[in-house]
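# Observations on the three-dimensional arrangement
Chain residues, written in single-letter form:
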Amino acid sequence: MSEETSTKHIHASWQEFLDTQFSQPYMQELRAYLAQRKKKRAVVYPHSSLWFHTFMLTAFDDVKVVILGQDPYHGPGQAHGLSFSVPPGVKVPPSLLNIYKEIDSDLGSGSDNADGAVPLAVKKSGCLIPWAEQGVFLLNSVLTVEQGQAAAHQGRGWENFTDTVIEKLSSERDNLVFMLWGSYAQKKGAVIDARKHLILKAPHPSPLSAHRGFMGCRHFSQANSYLLKQGKKEIDWFQVS
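Described in the following lines is the structure provided in the data block. What you see is a predicted model, and the numbers here were worked out from it, not measured in a lab.

### Section: the pattern of salt bridges
What the rule picks out here adds up to 6 salt bridges. Of the charged contacts, one joins Arg37 and Glu146 as a salt bridge, the two residues approaching to 2.7 Å between their closest N and O atoms. Here Glu146 lies in strand 4 (residues 145-146) and Arg37 lies in helix 2 (residues 25-39), a separation of 109 residues in the sequence. Residue Glu146 is classed as buried on the basis of its relative accessible area, which comes to 3%. Here Asp193 and Arg195 are joined by a salt bridge, their closest N and O atoms 3.0 Å apart.

See below:
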């Protein structure tokens, strides 16, 4: 993508796909746009080395669950390339806190968890890297944003890229769980083959909409039940770092 973008740690299972996409005209245009914004001293999040963080942590063949976000957090130090996640030490954002509350309600506040029944909602970490390492693909629709400007890079090409990622997962993998929260994610997920995969839909976990049906959706227990039926190991949703 750019001279500063680190792709050397991307899992080999994604490399050919990414190389193909990087050569497409839409990605060349996106690259030029991001370079232009940099010249104008725009502050872009996350750091370019983390734009493809989710492709570094979760191999294509290891994906079990896809959680689709919209675009990165736009506050300093928040975004690190994984949807809904923040780096260790950063305050848990409101949407993620509601996700934690739903996990606690759905799965029993961690009563079977090695941490000793510590509810996620009282933990101070919002880093979801342990999820990614278990096969939860934390994909934002748009991979960059500008400081203080939500959706600043929408419509610049990232959507084409992530549409292709979703199509690849849908067509080449079987029995995945797709969690689509909010109308934006549900519209983007229209390409997913429901005959092959479990598609779970609910309102967005934002405080503005979580009460409309995200709270109580029980997506996490449903996902684990489905994975077990497919002979796959369930996700330990209480693992955060």
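Next, the rest of the story.
### With respect to the environment of Val136
Along the chain, Val136 turns up in strand 3 (residues 136-140). For the pair Val136 and Val65, spaced 71 residues apart in sequence, the C-alpha to C-alpha distance is 4.7 Å. Setting aside chain neighbours within four positions, we find Val136 in contact with Thr58, Val65, Ile67, Trp131, Ile235 and Trp237.

### Re unusual backbone geometry
In this chain, Tyr45 is followed by Pro46 through a cis amide linkage whose omega measures -10°. Inspection of the secondary structure puts Pro46 in the loop between strand 1 (44-45) and helix 3 (53-57). Located in the positive-phi region is Arg41, a residue other than glycine, with phi close to 65°. Structurally, Arg41 is set in the loop between helix 2 and strand 1. Even without a glycine there, the phi angle at Ala151 is positive, about 65°. On the basis of relative accessibility, which here comes to 30%, the residue Ala151 falls in the partly exposed class.

### Digging into the pairing of strand 3
If a strand is regular, its side chains alternate between the two faces of the sheet. Buried residues dominate strand 3, accounting for 5 of its 5 residues. Along strand 3, one buried face is formed by Val136, Leu138 and Asn140 and the opposite face, lined by Phe137 and Leu139, is buried too. Across 5 bridges, the pairing between strand 2 (residues 65-69) and strand 3 is parallel. Bridge pairing in strand 3 links Gly69 to Asn140.

### Some points on the pairing of strand 6 (residues 198-202)
Sheet topology places strand 5 (residues 177-181) next to strand 6; 5 bridges connect them, and they run parallel. Residue Val177 lies in a different strand from strand 6, and its bridge partner there is Leu198. For the crossover that starts at strand 5, traverses helix 7 (residues 183-188) and ends in the parallel strand 6, the hand is right-handed.

Procedures and definitions
- Residues numbered from 1 in each chain as written.
- Predicted model: local features only at pLDDT ≥ 70, side-chain atom pairs only at ≥ 80, totals over all residues.
- Heavy atoms only, no water.
- Salt bridge = Lys/Arg side-chain N within 4 Å of Asp/Glu carboxyl O.
- Helix = DSSP H or I, 4+ residues; strand = E, 2+ residues; numbered from the N terminus.
- Buried < 20%, exposed > 50% of the residue type's maximum accessible area, 1.4 Å probe, protein only.
- Contact = heavy atoms within 4.5 Å.
- Pairing = 2+ DSSP bridges.
- Right-handed = clockwise from strand over helix to strand, strands pointing away.

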